[in-house]
Amino acid sequence: MEKNDWKICEDKALKVREHILGLATSGGCFIGASLSAVDMIVYLYEKWLNIPSFTDPDRDILLLSKGHDVPALYGTFVEKGWMEAERLQKNHLSTNDSIYWHPNRNIPGVEYYSGSLGHLLSVGIGMAMDAKMRKSNRRVVVIVGDGEMNEGSNWEALLVAQAYQLDNLVVVMDRNEFQANIRTEDLIPLEPLEDKFRAFGANARTVDGHDFQAMHDTFSVLPFEKRRASVVIAKTRRGKGLPSIEARADRWFCNFTATEIESLRKELHGEEKARIESETLVVR
């Protein structure tokens, strides 16, 4: 990947973060986890996934199992030209054909509903098995949260992936080290993750989930091993891009005022040098 490619990804990721900020008011959104997932979602759609059209039977599939990160997904859709930016505000929190709280299958680009954690890895395995049976080149990517791995269904699904040798399946973990409003290692420790994934039959590697070159180097050699599912553990930072809320347990779900959003927007663009004091950002 050339340096100019990095710049394209960085610019798009910045714009996606702007869209996420727009959803963090008038009802709010899960801003912390959405910001941590932006860079890997942008990279996948810009540089790795093969999606000629949403009706192509052999298109690659991305499933967002941690559905509360949907602001990052929809922001990416806007930058891909698949969704109008205005819709992020018009339908925000509506109950009919809503764009939010979680991925809505009625929106072009969303392959499956999600929200209940621990479900979509099993769905992805079914899609990967279908592709194998049809001798399709389709690849299936399932983005999971680290806290989501407390759901036993994920580990059971990995055993099935091993049994059917699904090397067209890629599990991407957003390893921001938070589960809701507590650190994962303070609740139910997950480490050593690479060893655990390998014990369940997958080949796992860890990468910086905010470094486009590092992600490119990792995804370009997939599958890591023939006849085995691949797991990419993307080390990320909750709230990435906004230093004042990064890696904070209390910045899980946020509903900011218009004034706060404007201040955060300046921070995102590096126009505000002083970090915003935590007490001025009230979660509503």
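Residues numbered from 1 in each chain as written. Predicted model: local features only at pLDDT ≥ 70, side-chain atom pairs only at ≥ 80, totals over all residues. Heavy atoms only, no water.

Engineer: Run through the environment of Ala249, naming residues and quoting values.
Structural biologist: Within the element layout of this structure, Ala249 appears in the loop between β7 (230–235) and α10 (258–268). Classification of Ala249 as partly exposed rests on a relative accessible area of 30%. Spatially, the C-alpha atom of Ala249 lies 21 Å from that of Gly22, the residues being 227 residues apart in sequence. Setting aside residues no more than four positions away along its own chain, Ala249 makes contact with Phe178, Ala180, Asn181 and Arg238. (Helix = DSSP H or I, 4+ residues; strand = E, 2+ residues; numbered from the N terminus. Buried < 20%, exposed > 50% of the residue type's maximum accessible area, 1.4 Å probe, protein only. Contact = heavy atoms within 4.5 Å.)

Engineer: So what's going on with the sheet that holds strand β1 (residues 61–64)? Residues and values would help.
Structural biologist: Within the open sheet, the five strands sit side by side as β1-β2-β3-β7-β6. Their pairing is parallel. Since the sheet does not close on itself, it has two edges, and those belong to β1 and β6 (203–208), each with one partner. Strand after strand, the sheet turns through a mean of 20 degrees between neighbouring axes, direction not considered. In terms of strand pairing, strand β3 (residues 169–175) meets β7 through six bridges, oriented parallel. Paired with Val170 across the bridge in β7 is Ser230. Set on the sheet, helix α9 (residues 212–219) makes contact with β3, β6 and β7; between it and β6 the angle comes to about 165 degrees. (Pairing = 2+ DSSP bridges. Axes fitted to C-alpha atoms, helices over the stretch in contact; angles between N-to-C directions.)

Engineer: Please give an account of the pairing of β3 that cites residues and values.
Structural biologist: The element β3 is largely enclosed, with a buried count of seven among its seven residues. Going residue by residue along β3, you find Leu169, Val171, Met173 and Arg175 tucked away on one face and Val170, Val172 and Asp174 tucked away on the opposite face as well. Sheet analysis places strand β2 (residues 140–145) next to β3, joined by six bridges and oriented parallel. Following the sheet pairing, Ile143 is matched in β3 by Val172. Read as a crossover between parallel neighbours, the route from β2 over helix α6 (residues 152–163) to β3 is right-handed. (Right-handed = clockwise from strand over helix to strand, strands pointing away.)

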